[in-house]
Amino acid sequence: DARVTQTPRDKVTEMGQEVTMRCQPILGHNTVFWYRQTMMQGLELLAYFRNRAPLDDSGMPKDRFSAEMPDATLATLKIQPSEPRDSAVYFCASGQSNYGYTFGSGTRLTVV
Amino acid sequence: GDSVTQMEGPVTLSEEAFLTINCTYTATGYPSLFWYVQYPGEGLQLLLKATKADDKGSNKGFEATYRKETTSFHLEKGSVQVSDSAVYFCALSDNAAGNKLTFGGGTRVLVKP
C-alpha cells in the first residue's frame, strides 16, 4: 500500500533550536495537510496545500512556523525558534479531496 | 465555518456489545464525510467515508450513513472486539471551503474482555 512518509519519527530538541519536519506525500495526491495533535487541543490544522500552493496557513503561529512544498514529493514544516509549548505530535496527510486522506505516522516533537 | 461535533468519551464497552458514536456537522457546501480511527501510538487511518446524502460507508464491521436531513454521520458496529479499542474521529471535507478537512474532537473507545 502507498503511504505517507514522515521524518523524523521522534525529535527531542532544546528550546530555541530550529526544527524541520519532512513529509513525502503519496505520488499523485494533490492536497497536503499539516496537523498538530496534543492532549489538550486535540487535532489542529496548521496549514494545507493544493498542487503545492498554500491554501490556508491560518492555524500556524506565523512568527515561528513556516510550511513549504519545494516540490511535489516533499512538504516541510519548520519551527524557529522552538518552544516547549510546541511539543506535540505533528501529522502530515495527503489525498485527493473526496477520496479521503492518508495520514503519516507522525513526528513526535519534544522541546525541553 | 464548518464544524464537527461528536460525543465525548471515553466510551467503555464489553466485548460483543453494540457501539454507537454520534457525529453531527455543519457545513457551507456539500461535504464528504469520514470516520478515522487512531490506535495508540499511530497515525489516523481512514475507516470509512460517504460522499453524498444517504450513502452508507462500511468497513471492518463499522457502518455510518450520511443523513443530510439531520446533518449526522453516526458510527455503529454491532459487536465490538477488544481490538476496536481506539480513538475515533469524525471529519468532513467541504468543497465550499477548499476541501479543508475538519475534525471532531475524537471519541476514545475502550472495549473490555
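Thresholds applied
Residue numbers restart at each chain and count upward from 1, following the sequence in its written direction. Throughout, the order in which chains and ligands are written sets their labels, letters from A for the former and numbers from 1 for the latter. Where totals are concerned, whole chains, interfaces and linings use all residues; where local detail is concerned, this predicted model gives features only for residues with pLDDT of at least 70, and gives and counts side-chain atom pairs only at 80 or more. Water and hydrogen atoms play no part in the side-chain values, which are based on all heavy atoms of the structure. When DSSP finds at least two bridges between two strands, those strands are taken to pair. Every helix listed is a DSSP run of H or I at least four residues long, and every strand listed is a run of E at least two residues long, numbered separately from the N terminus. Whenever a helix is involved, its axis is fitted only over the stretch in contact; in every case the axis is a line through C-alpha atoms, and angles between N-to-C directions fall within 0 to 180 degrees. Note on contacts: a residue pair is in contact if any heavy atoms of the two residues lie within 4.5 Å. Cavities and pockets are found on a 1 Å grid laid over the protein atoms alone: a cavity is a set of points where a 1.4 Å probe fits but cannot escape, a pocket is an open set with protein on both sides within 12 Å along at least five of seven lines, and a lining residue has an atom within 4 Å of such a point. Grid points are joined across faces, edges and corners, and a volume is the space filled by probe spheres set on the points. Ten residue types, Ala, Val, Leu, Ile, Met, Phe, Trp, Tyr, Cys and Pro, are classed as nonpolar, four, Asp, Glu, Lys and Arg, as charged, and the remainder, Gly among them, as polar. Classification of ring pairs rests on two measures: the distance between centres of Phe, Tyr or Trp rings, Trp counted by its six-membered ring, which must be within 6.5 Å, and the angle between planes, read as stacked under 30 degrees, edge-to-face over 60 and tilted in between. Between buried and exposed lies partly exposed: a residue is buried under 20% and exposed over 50% of the maximum accessible area for its type, with that area taken using a 1.4 Å probe on protein chains only.

Before going further, it helps to examine the sheet that holds strand 9 (residues 75–77) of chain B. Residues and elements named next belong to chain B. In space, the four strands of this open sheet follow the order 3-9-8-7, with antiparallel pairing throughout. Of all the strands in the sheet, the pair left with one neighbour each is strand 3 (19–21) and strand 7 (56–59). Neighbour-to-neighbour, the strand axes of this sheet turn through a mean angle of 15 degrees, independent of strand direction. The pairing of strand 3 with strand 9 spans three bridges and is antiparallel.

A word on the side chain of A:Thr20. Take A:Thr20: it is sitting in strand 3 (residues 19–24). Ignoring any residue separated from it by four or fewer positions in sequence, one finds A:Thr20 in contact with A:Pro8, A:Leu77 and A:Lys78.

Moving on, we get to the layout of surface pockets. The computed volume of the largest pocket comes to approximately 690 Å³. A:Gln37, A:Thr38, A:Met39, B:Gln38 and B:Arg108 are the residues nearest the centre of the largest pocket, which is lined by 31 residues in total. The set of elements that each furnish at least two residues to the lining of the largest pocket consists of strand 4 (31–38), strand 9 (88–95) and strand 11 (107–111) of chain A together with strand 10 (86–94) and strand 12 (107–112) of chain B. Here the residues of the lining of the largest pocket are counted per class, giving 12 nonpolar, 14 polar and five charged. Counted as a void, the second largest pocket has a volume near 350 Å³.

All names here are of chain A. Taken together, the four strands give an open sheet; going across it, the order is 1-3-8-7, and neighbouring strands pair in antiparallel fashion. Looking at which strands have only one partner, the edges of the open sheet turn out to be strand 1 (5–7) and strand 7 (65–71). Sheet twist, expressed as the mean angle between neighbouring strand axes with direction ignored, is 20 degrees.

All right, on to unusual backbone geometry then. Cis geometry is adopted by the peptide bond preceding A:Pro8, which originates at A:Thr7 and carries an omega value of -10 degrees. Topologically, A:Pro8 is positioned in the loop between strand 1 and strand 2 (10–13). Look at the link from B:Gly9 to B:Pro10: it is a cis peptide, with omega at 0 degrees. Within the secondary structure, B:Pro10 sits in the loop between strand 1 (3–6) and strand 2 (11–14). One non-glycine residue with positive phi stands out, namely A:Asn51, at about 50 degrees. Checked against the element boundaries, A:Asn51 lands in the loop between strand 5 (42–50) and strand 6 (53–56). Its identity is not glycine, yet B:Asp54 carries a phi of approximately 75 degrees, on the positive side. Counting through the fold element by element, B:Asp54 comes out in the loop between strand 6 (44–50) and strand 7.

This part covers the packing of aromatic side chains. Throughout the structure, instances matching the rule amount to 13 aromatic pairs over all chains. With a centroid separation of 4.9 Å and an interplanar angle of 85 degrees, the aromatic rings of A:Phe33 and A:Tyr101 are classed as edge-to-face. You can see A:Phe33 sitting in strand 4 and its partner A:Tyr101 sitting in strand 10 (residues 101–103), a full 68 residues away along the chain. Judged by relative accessible area, which is 0%, A:Phe33 ranks as buried. Classification of A:Tyr101 as buried rests on a relative accessible area of 1%. With 5.3 Å between their ring centres and 85 degrees between their planes, A:Tyr35 and B:Phe103 make a pair best called edge-to-face. Of this pair, A:Tyr35 sits in strand 4 while B:Phe103 is found in strand 11 (residues 100–103), placing the two residues in two different chains. On the accessibility criterion, B:Phe103 (12% relative accessible area) is buried. Grouping aromatic residues by their ring pairs yields a cluster made of A:Phe33, A:Tyr35, A:Tyr48, A:Phe91, A:Tyr101, A:Phe103, B:Phe34, B:Tyr36, B:Phe89 and B:Phe103.

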